[in-house]
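Spelled out from the first residue to the last, the chains are:
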Amino acid sequence: MTRVFVFTNHKGGVGKSTSATNLAYGISALLRQMNAPNCHVLLIDTDQQRHATLVTTGSNNYDHARSLYAVVMAERRLAAQTLMDSIIPSQWDEYLHVLPASKSLEQAERELSGVAGAPYRLAEPLSKVASQYAAVVIDTHPSFSLMTEMALLAATDAIVPAEPRYLETVGLLSVIEKIAEIRDGWRHPNLRISGLLVTKMDRRIRGHRHLLDELSTHPQLGKLLLGVIPANEAVSYAHSQHQSLFGYDPKATASQAYARVAATLSRLISRDRI
Ligand SMILES: Nc1ncnc2c1ncn2[C@@H]1O[C@H](COP(=O)(O)OP(=O)(O)OP(=O)(O)O)[C@@H](O)[C@H]1O
Ligand SMILES: [Mg+2]
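Residues numbered from 1 in each chain as written. Chains lettered and ligands numbered in written order. Predicted model: local features only at pLDDT ≥ 70, side-chain atom pairs only at ≥ 80, totals over all residues.

Draft legend 1. Quick look at the overall build of the chain. A tally of helices and strands in the chain yields 12 helices and eight strands. Over its C-alpha trace the chain gives a radius of gyration of 17 Å, about what one expects of a compact globule, namely 19 Å for 274 residues. Dimensions of the chain, computed from C-alpha atoms along their principal axes, come out at roughly 55 × 40 × 40 Å. Buried positions account for 47% of the 274 residues belonging to the chain. Partitioning the intrachain contacts of the chain with sequence separation of at least 6 by distance along the chain shows that 75% fall at a separation of at least 24. (Helix = DSSP H or I, 4+ residues; strand = E, 2+ residues; numbered from the N terminus. Rg over C-alpha atoms; globule rule 2.2 N^0.38 Å. Buried ≥ 20, exposed ≤ 12 C-beta atoms within 10 Å, placed from the backbone. Contact = placed C-beta atoms within 7 Å.)

Draft legend 2. Seen up close, helix H1 (residues 16–33). Here H1 contains 18 residues, and its C-alpha end-to-end distance of 25 Å stays within 8% of the 26 Å for a straight helix at 1.5 Å per residue. Most of H1 sits out of view: 16 of its 18 residues are buried. (Expected span 1.5 Å × (residues − 1).)

Draft legend 3. How the structure looks around the sheet that holds strand S8 (residues 225–230). Ordered by their spatial adjacency, eight strands build an open sheet running S3-S4-S2-S5-S1-S6-S7-S8, and the pairing between neighbours is mixed. Of all the strands in the sheet, the pair left with one neighbour each is strand S3 (88–89) and S8. Note: strand S2 (residues 41–45) against strand S4 (residues 96–99), four bridges, orientation parallel. Following the sheet pairing, Val41 is matched in S4 by Leu96. In the packing of H1 onto the sheet, contacts are made with strand S1 (3–7), S2, S4, strand S5 (135–139), strand S6 (157–162) and strand S7 (192–201), and the angle to S5 comes to roughly 165°. The sheet strands contacting helix H9 (residues 206–217) are S7 and S8, and the helix crosses S7 at an angle near 165°. (Pairing = 2+ DSSP bridges. Axes fitted to C-alpha atoms, helices over the stretch in contact; angles between N-to-C directions.)

It is worth stressing that arrangement in space is one thing and function is another; only the former is reported here.
See the structure below:
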């Protein structure tokens, strides 16, 4: 079964899109280095802000008929084909493909609210095409909206990026509870909470060091710590040039930290395939 990693946190600006896009690219690059038989990775943008779409494809102006909107609004029997037809290449790498978001996703949420089976409108078509990819990575909006529910129900692994600030980490337990609620409430037992990713870590700040220590030794959260990404200005330069961090500066501290996380995720993927 293809692993589907969803990056989620209802807090805004914590590095969901940065992590989803760069790890999607990083996983594909590492699988290639490992000579894996399939190195294609699909990035799905479920956020109407379309940041992941913009940085990976250079545009955020996709026709809604060729975007995630079309997939979730399609007739059930046509949804998988619509998904395949809406995938576009990224500018970052020929092995990284993108299912773009469009502004109309907000409208889709309104149109689908209360429609029976609506939360499965991504999971169902994706389950029919996911095997063509080595991994799928989903970026989400900073809320537990219908679209985020769809993303979680389509996923096998939830990863929660968070900044090392007091209220952010206090909120982590509630994010994890919410994911568990979706897993249990919607009978999606395959959804694992696979990790916490501490982002924008500045070791010069005592409060950051203190919170990282607390998190690492926390009985529940400590076991989930997947990686620590330093605050690094290369991230915003890479964004502004619509480049991956690895393409912009592979030696930047954030690139190296993301490479380590990508290696962990790639190992999970190749272990599944043995
Ligand atoms: N490691 C980092 N170092 C410095 N800046 C970063 C880092 N990670 C992300 N940023 C910056 O923080 C801002 C938010 O990042 P990003 O868009 O990835 O967060 P998000 O959680 O997807 O936000 P939203 O909730 O709005 O979707 C961006 O301006 C980005 O350039
Ligand atoms: Mg985002």
